[in-house]
Amino acid sequence: GNFSYMNTKLSVNRIFHFSLIITLIIAISNSGIVSKEHSKGTIKNVITAPVKRWKILLSKFIYLILDMYMMWFIALIILSIVSGFKFGFGDLFDPKLVYTGEKVIEVNYYLYLLKNIVIASIPVICFLSILFFLSTVSLNTSLTVGVMSGLSVVSFLIWFVSFRYWFPNISYTPFWYLDCGFIFNN
């Protein structure tokens, strides 16, 4: 028969599949991070401030990255609570056994998750860079939302098709790594 085992840690490990969802949420909510200042006219106040333009843009990009990590952190808390109620909280406080190549060591489970969330965020940061570039260059919020939402969905479809039919050259693009849940589980 088909046997499926699930515990709290396996359920919480699904956090890595949130890459696409977080990319879509940020694309929709923050795609006008630069372009809205032009459409609302607040850019005049920003430009007249004695701050260099690159510092303003860098602070906005750092905000995007912090917003992404905050969403992942909130999702991790919610997923831990829901999984804990469903399967029990005791499993979450047991250490994770990690094979280092030479030996097996015990690692705090949440530190292990946080390290892998940082790794899983690399393709999302790539998409945030594209979003930020489009918002800065196009100055059109609707265009940026449309392109980023479409790129997020298309990249997931590219990942799914390449996973299903294995196109080896796709692994050199960020599209292949968008669903890091698959990579970490295998």
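Placed above this text is the structure.
Residues numbered from 1 in each chain as written. Predicted model: local features only at pLDDT ≥ 70, side-chain atom pairs only at ≥ 80, totals over all residues. Heavy atoms only, no water.

K.L.:
Is there a simple way to think about the nonpolar core in this case?
P.N.:
Soluble globular proteins: nonpolar side chains tend toward being buried together. Residues I15, L64, M68 and W72 are the most contacted members of the largest nonpolar core, which totals 30 residues. Those elements that provide at least two residues to this core are α2 (19-30), α5 (53-87) and α6 (109-138). With residues near it in sequence (within four places) discarded, L64 still touches I26, N30, I33, L128, L131 and F132. (Core = buried A, V, L, I, M, F, W, Y, C linked by side-chain atoms within 4.5 Å. Buried < 20%, exposed > 50% of the residue type's maximum accessible area, 1.4 Å probe, protein only. Helix = DSSP H or I, 4+ residues; strand = E, 2+ residues; numbered from the N terminus. Contact = heavy atoms within 4.5 Å.)

K.L.:
Explanation requested: the packing of α2 against α6 in the structure shown.
P.N.:
Packed helix pairs are characterised by how far apart their axes lie and by the angle those axes make with each other. Where α2 meets α6, the closest approach of the two axes is 10 Å, and the angle between their N-to-C directions is 25 degrees. Considering the angle they form, α2 stands roughly parallel to α6. The chirality of how α2 crosses α6 is right-handed. In this structure, α2 uses S19, I22, T23, I26, A27 and N30 to contact α6, whose residues at the interface are A120, V124, F127, L128 and L131. The residue makeup of the contact of α2 with α6, split by class, is 8 nonpolar, 3 polar and no charged. (Axes fitted to C-alpha atoms, helices over the stretch in contact; angles between N-to-C directions. Parallel < 35°, antiparallel > 145°, perpendicular 65-115°, else oblique. Left-handed = near helix turned anticlockwise from the far one by under 90°. Nonpolar A, V, L, I, M, F, W, Y, C, P; charged D, E, K, R; others polar.)

K.L.:
Is there a simple way to explain the side chain of S80 in this structure?
P.N.:
Note on placement: S80 falls in helix α5. Those residues in contact with S80, other than ones at most four positions away along the chain, are V12, F89, L92 and Y110.

K.L.:
How should I be thinking about α6 in this particular structure?
P.N.:
Taking 1.5 Å per residue, 30 residues should reach 44 Å; α6 reaches 43 Å between its end C-alpha atoms and fits that length. At I122, α6 shows its largest bend, some 40 degrees, and a proline, P123, comes one to four positions later. Sitting at the amino-terminal end of α6 is N108, which places a side-chain oxygen 2.8 Å from the backbone nitrogen of Y110. L139 occupies a position one or two residues after α6 and carries a positive phi of about 60 degrees. (Expected span 1.5 Å × (residues − 1). Bend = angle between axes of the 7 residues up to and from the residue. Polar contact = N/O pair within 3.5 Å; in protein donor to acceptor, adjacent residues only side chain to side chain.)

K.L.:
Help me understand the environment of M68, please; the structure alone is not making it clear to me.
P.N.:
Checked against the element boundaries, M68 lands in helix α5. Note on M68: relative accessible area 0%, which makes it buried. The sequence separation of M68 and T23 amounts to 45 residues, and the corresponding C-alpha distance is 8.1 Å.

K.L.:
Got a minute to help me understand the pairing of strand β2 (residues 104-107) in this structure?
P.N.:
Put simply, side chains in a regular strand alternate between the two faces of the sheet. For strand β1 (residues 96-99) and β2, the ladder comprises 4 bridges, and the chain directions are antiparallel. If you follow K96 over to β2, its bridge partner there is V107. Counted between consecutive antiparallel strands, the loop separating β1 from β2 contains 4 residues, among which G101 sits at a positive phi close to 105 degrees. (Pairing = 2+ DSSP bridges.)

K.L.:
Please explain the packing of aromatic side chains as it appears in this structure.
P.N.:
We describe a pair of aromatic rings using the distance from one ring centre to the other and the angle between the two ring planes. A full pass over the atoms with the stated rule returns 3 aromatic pairs. With a centroid separation of 5.5 Å and 70 degrees between ring planes, the pair formed by Y109 and Y110 is classed as edge-to-face. (Phe/Tyr/Trp six-rings, centres within 6.5 Å; stacked < 30°, edge-to-face > 60°.)

The values reported here are purely geometric and, on their own, carry no functional implication.
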